[in-house]
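Observations on the three-dimensional arrangement
Residue-level listing of the chains:
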Amino acid sequence: MFTKLIKISGLALSLLVTSQAFSQSTQDVWQHHIKAFEDRDLDGITADYTNDSVLILNGKTFQGIGSIKKAFSQLFRIFDQGNNKIDPTVISGRIVYITWHFTLNGQDEFFGSDSFVIEHGKIAVQTIASPLYDAMPVTP
């Protein structure tokens, strides 16, 4: 009985440590990603993806580093034209979720949201939705 309890406790501790390490890895990727975005560092931001990564932006799919790099070069040009405020970030396991508010200089505010799935220290999937990209399209 005592041996079984030790095995169960060891398993619970192992799961807890794995869960915490997983969350830390997600946090690290997110911190790197948002800093690269704020710095408009195209190589830095695309380092967060792999050739298997997928970015879906308002129904348009960008797959692989080259395609995602092209999308971010357009996104940087858009976001350089106004002010962006990100609400508190939600991180749960391998998932990151943000909502944001972008104001074009002298124009209305646009609301948007992004979801990220982090796997093995990279962004496997990112989705972005906002009416901003109807007004200022990002093309593959």
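Residues numbered from 1 in each chain as written. Predicted model: local features only at pLDDT ≥ 70, side-chain atom pairs only at ≥ 80, totals over all residues. Heavy atoms only, no water.

Concerning the nonpolar core
- Ranked by internal contacts, the top residues of the largest apolar core, which has 31 residues, are Phe72, Phe79, Leu132 and Tyr133.
- Going through the elements one at a time, helix 1 (2–38), strand 1 (49–57), helix 3 (65–79), strand 5 (95–104), strand 6 (109–119), strand 7 (122–129) and helix 4 (132–135) are the ones with two or more residues in this core.
- The leading source of residues in this core is helix 3, at seven residues. (Core = buried A, V, L, I, M, F, W, Y, C linked by side-chain atoms within 4.5 Å. Buried < 20%, exposed > 50% of the residue type's maximum accessible area, 1.4 Å probe, protein only. Helix = DSSP H or I, 4+ residues; strand = E, 2+ residues; numbered from the N terminus.)

A look at the pairing of strand 6
- Of the strand pairs in this sheet, strand 5 and strand 6 are connected by nine bridges, and their pairing is antiparallel. The residue bridging threonine 99 from the neighbouring strand is serine 113, located in strand 6.
- Counted between consecutive antiparallel strands, the loop separating strand 5 from strand 6 contains four residues, among which glycine 106 sits at a positive phi close to 75°.
- Two elements, strand 6 and strand 7, share seven bridges in a ladder whose sense is antiparallel. (Pairing = 2+ DSSP bridges.)

What about the confidence of the model for the chain?
- Averaged over the chain, the pLDDT score is 88; the fraction of residues at 70 or greater is 83%.
- Low confidence marks residues 2–24, where pLDDT is under 50. Its contacts with residues over four positions away, or in another chain, come to four contacts. (pLDDT = per-residue confidence, 0-100. Contact = heavy atoms within 4.5 Å.)

With respect to empty space enclosed by the protein
- Throughout the structure, instances matching the rule amount to one cavity of 30 Å³ or more.
- Lining the largest cavity we find 16 residues, and of these Phe37, Phe79, Ile98, Trp100 and Asp114 sit closest to its centre.
- Residue assignment for the lining of the largest cavity shows that the elements contributing at least two residues are helix 1, helix 3, strand 3 (82–86), strand 5, strand 6 and strand 7.
- For the lining of the largest cavity, the element with the most residues is helix 1, which contributes four residues. (1 Å grid on protein atoms, 1.4 Å probe; cavity = no way out; pocket = protein on both sides within 12 Å on 5 of 7 lines; lining within 4 Å. Points joined across faces, edges and corners; volume = space filled by probe spheres on them.)

Description of the side chain of threonine 46
- Along the chain, the position of threonine 46 falls in helix 2 (residues 42–46).
- There is a polar contact of 3.2 Å between the side chain of threonine 46 and the backbone oxygen of aspartate 43.
- In contact with threonine 46, not counting residues within four places along its chain, are Ile65, Ile68 and Lys69. (Polar contact = N/O pair within 3.5 Å; in protein donor to acceptor, adjacent residues only side chain to side chain.)

Concerning helix 3
- Between its first and last C-alpha atoms helix 3 spans 20 Å; for 15 residues at 1.5 Å apiece the expected length is 21 Å, and the two agree.
- Within helix 3, the full set of buried residues consists of Ile68, Ala71, Phe72, Gln74, Leu75, Phe76, Ile78 and Phe79. (Expected span 1.5 Å × (residues − 1).)

Focus on the pattern of salt bridges
- All chains considered together, the criterion is met by five salt bridges.
- Of the charged contacts, one joins arginine 40 and aspartate 80 as a salt bridge, the two residues approaching to 2.8 Å between their closest N and O atoms. With a gap of 40 residues between them, arginine 40 in the loop between helix 1 and helix 2 and aspartate 80 in the loop between helix 3 and strand 3 connect regions that are remote in the sequence.
- Classification of aspartate 80 by relative accessible area gives exposed; the value is 53%.
- The partner of lysine 85 in a salt bridge is aspartate 87, with the nearest N and O atoms 3.1 Å apart. (Salt bridge = Lys/Arg side-chain N within 4 Å of Asp/Glu carboxyl O.)

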